Amino acid sequence: MEGLGHHCGVAGIFAPKAQNLPELLFYMLFSLQHRGQESCGIAWEEDGSWRSKKDVGMVAPTLSAFAGEHHPSRLGIGHVRYSTAGGSGIANAQPLIVSCNKDRIALGHNGNISNGGLLRSHLTEQGSIFQGTADSELILHLISRSPAQRREVFLSDALAQLEGAFSLVMMHENALIAVRDPSGFRPLYLGFKDDAVFVASETCALHALGPMDYREVEPGELVIVDEDGLHSYRLPHRAPPSKCVFELIYFARPDSEIFGESVHAARTRLGEALAEQDEGNLDADIVVPVPDSGTIPAIGYARRAGIPFDFGLARSHYAGRSFIMPTKGQRELAVRLKLHAVSHVVGGKRVVMIDDSLVRGTTSRIIVGLLREAGAKSVHVRLAAPEIKWPCYYGIDIPDRDQLISNRLEPDDIAREVGADSIRFLTQDRLLKAIGGEGGYCCACFDGKHPFPPKTGRKETA
Ligand code: SF4
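Just so it is clear, the structure is predicted and the values come from calculations on it, not from any experiment.

## Structural notes on the domain arrangement of the protein chain
In terms of domains, the protein chain is made up of domain 1 (8-239) and domain 2 (262-447). Taking only C-alpha atoms, the centre of domain 1 and the centre of domain 2 are 34 Å apart. In this complex, domain 1 contributes 10 residues to the contact, which on the side of domain 2 involves 8 residues. Summed over the shared surface of domain 1 and domain 2, the result is 2 residue pairs in polar contact (both at pLDDT 80 or more). In the side of domain 1 that touches domain 2, the residues fall into 3 nonpolar, 6 polar and 1 charged.

Written out as structure tokens, the structure reads:
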């Protein structure tokens, strides 16, 4: 996989008896590192005060000191960030913490508000001051402006004005709050262990703390956990279900459950669907995944097609991310340092190379070249997703349309461009059938049918 930015991940804990919550939040965020690598942070209550630690950078260097310290606490939240809206600097690192007319609030947000530009423009015209550029700050302004005093009412007031994707964790006074937008774009889970309540973007962050019962936060559900227990409310507005299908294809960790579905099982079925699509049309000797994102669909493909599976591409776990290299030559070198074709596996073979999706095509061209250098007789590229042609307004960083190879070329031309003998994308119908999701998933980056078009402010569009 190349060139799609992860988005964000959130975590939260309410414990009736004080525990070392910063340490637990560190473990949870460490498990969510794949959802954002630009900044991270935690906020927690200790002795009645609120404290926080956040910085640009990865979770381990920023927060691992908490594994050796003791901070008795009953309430805390955390966040890992990849900047899909707003910049990547410390001003946009979360949790955001404010003191306002509703008392202290801390917020962590996963998603993008598609009418954020319009709301920000209105608020700015009315005198609001924003510290960062991320649209998450809007939510705090809207909460502060609600005339209501009851917590669930001012939260509903504020959140009803938002369009797009928001899975939120918040601290307010002594309560932990978890909210998922009515379309359910991003996943959000509740965990229960020893009277404590946990919130996490994915179940892998709950399982990092040991076995526990868990359930999904429903689309449109507002959960408040305080000393009186767990209270569930419904946001007042409705929206069509639009779970992000890319969470299952690529973003979520394979050992997680999201949208009530095992990510591993879903990816295996995508591979099987790819094989069914090829049935009777492709003779091959070996199925080779592009690690790591192509591995599980490749297992499904090989099983269904009855073709042997093997690791014909070995991955170095010590190489950095290739897309931050400034020149084409350096990027190519970075891919070569990261992936090595195993000639013992692919030499003289007709190879089916499985990846999750195709963005710009540059990395695939290099990988196909590596397989040929290692002696592959032919290379047939198969993608476990349809062609990406449109932007995402809900929290995924997709390059500009003219950089997406599927907007420039037809599949046969793409095959020529990346040096493959053939290329095929999983069709959207087969994708939805494989995940059992007809009607409930957003597929806008494939078909351009965005559930909420972006709304920007007058000043931004002028
Ligand atoms: S546009 Fe694509 S990446 Fe964005 S939410 Fe929809 S399916 Fe996910």
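Once you've had a look at it, read on.
## Examining the pairing of strand 4 (residues 72-81)
Burial within strand 4 is extensive, with 8 of its 10 residues counted as buried. Bridging between strand 2 (residues 39-46) and strand 4 involves 6 bridges; their strand directions are antiparallel. Residue pairing for strand 4: Gly-41 is matched across the bridge by His-79.

## Observations concerning the pattern of salt bridges
If the charged atoms of two oppositely charged side chains come close together, the side chains can form a pair. Per the stated rule, a full pass over the model turns up 23 salt bridges. For Glu-173, the salt bridge goes to Arg-151, with nearest N and O atoms at 3.2 Å. Within this pair, whereas Glu-173 is found in the loop between strand 7 (167-172) and strand 8 (175-180), its partner Arg-151 is found in helix 5 (residues 151-159), the two being separated by 22 residues in sequence. Assessed through its relative accessible area of 32%, Glu-173 is described here as partly exposed. Judged by its relative accessible area of 16%, Arg-151 falls in the buried class. With its nearest N and O atoms 2.6 Å apart, the salt bridge here joins Asp-413 to Arg-416.

## Considering the nonpolar core
Judged by nonpolar contacts, the single largest core of 49 residues is most densely connected at Phe-246, Ile-249, Tyr-301, Ile-388 and Phe-446. Of all the secondary structure elements, the ones that give two or more residues to this core are helix 7 (245-251), helix 8 (263-278), helix 9 (295-305), strand 20 (350-355), helix 15 (428-435), strand 23 (441-442) and helix 16 (444-447). Discounting residues that sit within four places of it in the chain, Phe-446 has contacts with Val-245, Phe-246, Ile-249, Ala-385, Pro-386, Glu-387, Ile-388, Lys-389, Trp-390, Gln-428 and Leu-431.

## What to know about the sheet that holds strand 12 (residues 221-226)
Strand pairing within a sheet occurs via backbone hydrogen bonds; the two strands may be parallel or antiparallel. Here we have 6 strands laid out as an open sheet, ordered 5-6-7-8-12-13, and antiparallel in their pairing. Looking at strand neighbours, the two that pair on one side only are strand 5 (96-100) and strand 13 (229-234), the edges of this open sheet. On average, each strand axis in the sheet is inclined to that of its neighbour by 20°, with strand direction left out of account. Direction of pairing for strand 12 relative to strand 13: antiparallel, over a ladder of 6 bridges. Residue Val-225 lies in a different strand from strand 13, and its bridge partner there is Leu-230.

## A few points about the confidence of the model for the protein chain
Chain-level pLDDT for the protein chain is 92 on average; 95% of the residues reach the 70-or-more range. This model gives residues 458-462 a pLDDT under 50, and the stretch forms 6 contacts once residues within four places in sequence are excluded.

Thresholds applied
Residues numbered from 1 in each chain as written. Predicted model: local features only at pLDDT ≥ 70, side-chain atom pairs only at ≥ 80, totals over all residues. Heavy atoms only, no water. Domains from an automatic or database assignment. Contact = heavy atoms within 4.5 Å. Polar contact = N/O pair within 3.5 Å; in protein donor to acceptor, adjacent residues only side chain to side chain. Nonpolar A, V, L, I, M, F, W, Y, C, P; charged D, E, K, R; others polar. Buried < 20%, exposed > 50% of the residue type's maximum accessible area, 1.4 Å probe, protein only. Helix = DSSP H or I, 4+ residues; strand = E, 2+ residues; numbered from the N terminus. Pairing = 2+ DSSP bridges. Salt bridge = Lys/Arg side-chain N within 4 Å of Asp/Glu carboxyl O. Core = buried A, V, L, I, M, F, W, Y, C linked by side-chain atoms within 4.5 Å. Axes fitted to C-alpha atoms, helices over the stretch in contact; angles between N-to-C directions. pLDDT = per-residue confidence, 0-100.

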